[in-house]
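What the coordinates show
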Amino acid sequence: MEKKLQELKTRLLEVNDLNSATAVLQWDQSTYMPPGGAAARGRQMATLGRLAHEKFTDPAIGKLLDELRPYEESLPYDSDDASLIRVTRRAYEKATKVPPTLLAEVYAHSAAAYQTWAKARPENDFAAVQPYLEKGIEYSRRIADCFPGYDHIADPLIDFSDEGMKAETLRRIFTELRRELVPLVQAITAAEPADDSCLHQYFPEDKQLAFGLEIIKDYGYDFNRGRQDKTHHPFMTKFSLGDVRITTRVKENDLSEALFSTLHEAGHALYEQGIRMELDGTPLAGGTSSGVHESQSRLWENLVGRSRPFWQHYYPKLQAVFPNQLGNVSLDTFYRAINKVQRSLIRTDADEVTYNLHVMIRFDLELALLEGKLAVKDLPDAWHARYEEDLGVRAPDDRDGVLQDVHWYGGLVGGAFQGYTLGNIMSALFFEKALEAHPEISDEIGRGEFGTLLRWLQENIYQHGSKFTADELIERVTGGPLTIEPYIRYLRHKFGELYPL
Ligand code: ZN
């Protein structure tokens, strides 16, 4: 058995190395690569991706997984070896159930759809993407049908990024959340809006970057195993547990852009850097689902980084960096500015309270598209109707409406949006548990100390990598299933202090 396990690990390490090499190329493409490198880079990444897929779907891996089943069953569920075999088997089944010819068609479609969208969005031309979106939905259904036995056609697609989550459960949770959020947004936006003009002054790039780096160093981001570079759309990437990188983007007339994207990506990176070194190079060495991953970026960005105790400590430091811009701005004014809530059209610019409404609109619409209850040609109107109903705003065109996110035009439709809102819900769930175990965390945040919080997260979440599904992890950490209550408590408490609710 030991020999077979070793063989499995050796094969998985090769797959891991190919995928990590692709990640380096991707990081370079998004940071330093000159435009002339684009065509060859696309081909190079496709070649590595194909080799990794071939190696991973090799029937020899399936045979090893079968032979290792008795060994796996003799071990405790949460042991490294049993978890490695179990998690690899699930990934292997997913990777082998989709015929390679269908996969190739989807890749080709994705590239064409993306290019069409990139041109159609600035031109406000929904008609141009309509046939691609129709095709994308057809492909999504065909991919889902490779996994028969689902309850809802979106379930297999959701399972790719949030394993174990089901459309019906999500629909129930999101309906509960929407019921709470819509009146909350109405109450907040009926009040005097916060003045955030203090954030829109001239803030030199180098000083902004240095300030963000100082904070994430205090968070515990390990620069011996990471670095930060600039990009267009900030992301976190990992080449090994010894090299977990983040990126940010700076706007010199908007202080919140670089600052909060840095804190967000650092949250993702703290998760990856916190995984036990013994798991490096295996399929267990990564966050467990898009929802849990997003819970950590949101926790460090919002629950910590937009909290009052946090700024009681950091605001005087920020004022010292920008005395001309912020010297006469009070902590209270600044705190209100970074927590401004408003009805808006663009998801990625939305605040903590309205953000989930943007996500849930997309989630419901893609379910309706997949179910065949909504035709693609009627999508722009359905979009506008839901924005008016939930957020009370209507985009003047499709550019800031149905064309705004790349997700539906980058391949499959379904399974990509729920993780953002799951992340918000889970961020409060986990944070509340950490505070319950260590009530001193709030005071520590007020002193710029994050060790107790980080250690709790490492112990309870990070160290396990992807051993447990999101549901298993939530059960282990909280003793119960996913619930929106801590998140609602958090929003009501925080925004009840800022606005008359
Ligand atoms: Zn994120």
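For the structure, check the block above.
Now for a look at the structure at hand. By convention here, each chain's residues receive numbers from 1 onward along its written sequence. Confidence filtering applies because this is a predicted model: local features only for residues at pLDDT of at least 70, side-chain atom pairs given and counted only at 80 or more, and all residues used for totals across whole chains, interfaces and linings. Working from all heavy atoms in the structure, the side-chain values ignore hydrogens and water.

A word on the packing of helix H1 (residues 2-31) against helix H5 (residues 80-97). Two elements in contact, H1 and H5, have axes whose closest approach is 12 Å; the angle formed by their N-to-C orientations is 55°. Put simply, H1 runs oblique to H5. Relative to H5, H1 is oriented so that their crossing is left-handed. Contacts between H1 and H5 pair Leu5, Leu8, Lys9 and Leu12 from the former with Asp81, Leu84, Ile85 and Thr88 from the latter. Along the lines of polarity and charge, the residues of the contact of H1 with H5 split into 5 nonpolar, 1 polar and 2 charged. Each axis is a line fitted through C-alpha atoms, taken for helices only over the stretch in contact, and angles between the N-to-C directions span 0 to 180 degrees. Helix and strand assignments follow DSSP, with helices taken as H or I runs no shorter than four residues and strands as E runs no shorter than two, numbered in order from the N terminus. Our angle categories are set so that under 35 degrees counts as roughly parallel, over 145 as roughly antiparallel, 65 to 115 as roughly perpendicular, and the remainder as oblique. Should the near helix be turned counterclockwise from the far one by less than a right angle, the crossing is left-handed, whereas a clockwise turn marks it as right-handed. Contacts are assigned to residue pairs with any non-hydrogen atoms lying within 4.5 Å of each other. Only Asp, Glu, Lys and Arg are considered charged, only Ala, Val, Leu, Ile, Met, Phe, Trp, Tyr, Cys and Pro nonpolar, and every remaining residue, Gly among them, polar.

Okay, empty space enclosed by the protein next. Using protein atoms alone on a 1 Å grid, points that fit a 1.4 Å probe yet trap it form a cavity, whereas open point sets bounded by protein on both sides within 12 Å along at least five of seven lines form a pocket; residues with an atom within 4 Å of a point count as lining. Grid points are joined across faces, edges and corners, and a volume is the space filled by probe spheres set on the points. Under the defined criterion, the tally for this structure stands at 3 cavities of 30 Å³ or more. Here the largest cavity is characterised by a volume of approximately 40 Å³. For the lining of the largest cavity, the secondary structure elements donating two or more residues are helix H10 (205-219) and helix H11 (255-273). Considering every element that reaches the lining of the largest cavity, the biggest residue donor is H11, with 3 residues. Split into classes, the residues belonging to the lining of the largest cavity amount to 5 nonpolar, 1 polar and no charged.

Here we take up the coordination of the zinc ion. For the zinc ion, the full set of protein donor atoms is His264 (NE2), His268 (NE2) and Glu294 (OE), at a range of 2.1 to 2.4 Å. Sites may look incomplete because water is not among the atoms; the donors themselves are N, O and S atoms within 2.8 Å of the metal, or within 3.2 Å for Na, K and Ca. Ordering the donors of the zinc ion by residue number gives the pattern H-x3-H-x25-E. Note that His268 is positioned in helix H11 and Glu294 in helix H12 (residues 290-304), a separation of 26 residues in sequence.

Here we come to unusual backbone geometry. Of note in the backbone geometry, Asn124 takes a positive phi value of approximately 55° without being a glycine. In this structure, Asn124 sits in the loop between helix H6 (100-123) and helix H7 (126-144).

Pairing of aromatic rings covers Phe, Tyr and Trp, the last counted by its six-membered ring, and requires centre-to-centre distances within 6.5 Å; plane angles under 30 degrees mean stacked, over 60 mean edge-to-face, and any other angle means tilted. With the rule as written, the count across this model stands at 27 aromatic pairs. Aromatic pair Trp27 and Phe239: ring centres 6.4 Å apart, planes at 80°, arrangement edge-to-face. Highlighted residues: Trp27 in helix H1 and Phe239 in strand E2 (residues 236-240), separated in sequence by 212 residues. A residue is classified by how much of its surface remains accessible, and Trp27, at 10% relative accessible area, is buried. Only protein chains enter the accessibility calculation, which uses a 1.4 Å probe; a residue whose area is less than 20% of its type maximum is buried, one above 50% is exposed, and one in between is partly exposed. You can call Phe239 buried: its relative accessible area is 12%. Note on Phe417 and Tyr420: the rings are 6.3 Å apart at their centroids and 50° apart in plane angle, and the pair reads as tilted. Here Phe417 matches Tyr420 in class, with each residue buried. Among the aromatic side chains, those forming a connected cluster through ring pairs are Phe211, Tyr219, Trp300, Phe310, Trp311, Tyr314, Tyr315, Phe334 and Phe450. In this structure, Arg362 packs its charged tip against the face of Phe417, placed 5.8 Å from the ring centre. When the NZ atom of lysine or the CZ atom of arginine is within 6 Å of a ring's centre and also within 35 degrees of its normal, the charge is said to sit over that ring.

Moving on, we get to H7. Here H7 spans 26 Å end to end across 19 residues, near enough to the 27 Å set by a 1.5 Å rise per residue. Regarding H7, the residues found buried are Phe126, Val129, Leu133, Gly136, Ile137, Tyr139, Ser140, Ile143 and Ala144. In this analysis, the expected span of each helix is defined as 1.5 Å times one less than the number of residues it contains.

Formed by 130 residues in total, the largest nonpolar core has its most connected members in Trp300 and Trp311. Sequence-distant contacts of Trp311, defined by excluding residues within four places in its chain, comprise Phe211, Leu259, Phe260, Gly305, Arg306, Pro316, Leu318, Leu331, Phe334 and Ile338. Residues belong to one nonpolar core when they are buried, are Ala, Val, Leu, Ile, Met, Phe, Trp, Tyr or Cys, and are joined through side-chain atoms within 4.5 Å. Judged by nonpolar contacts, the second largest core, of 22 residues, contains Leu8, Ile61, Ile275 and Leu284.

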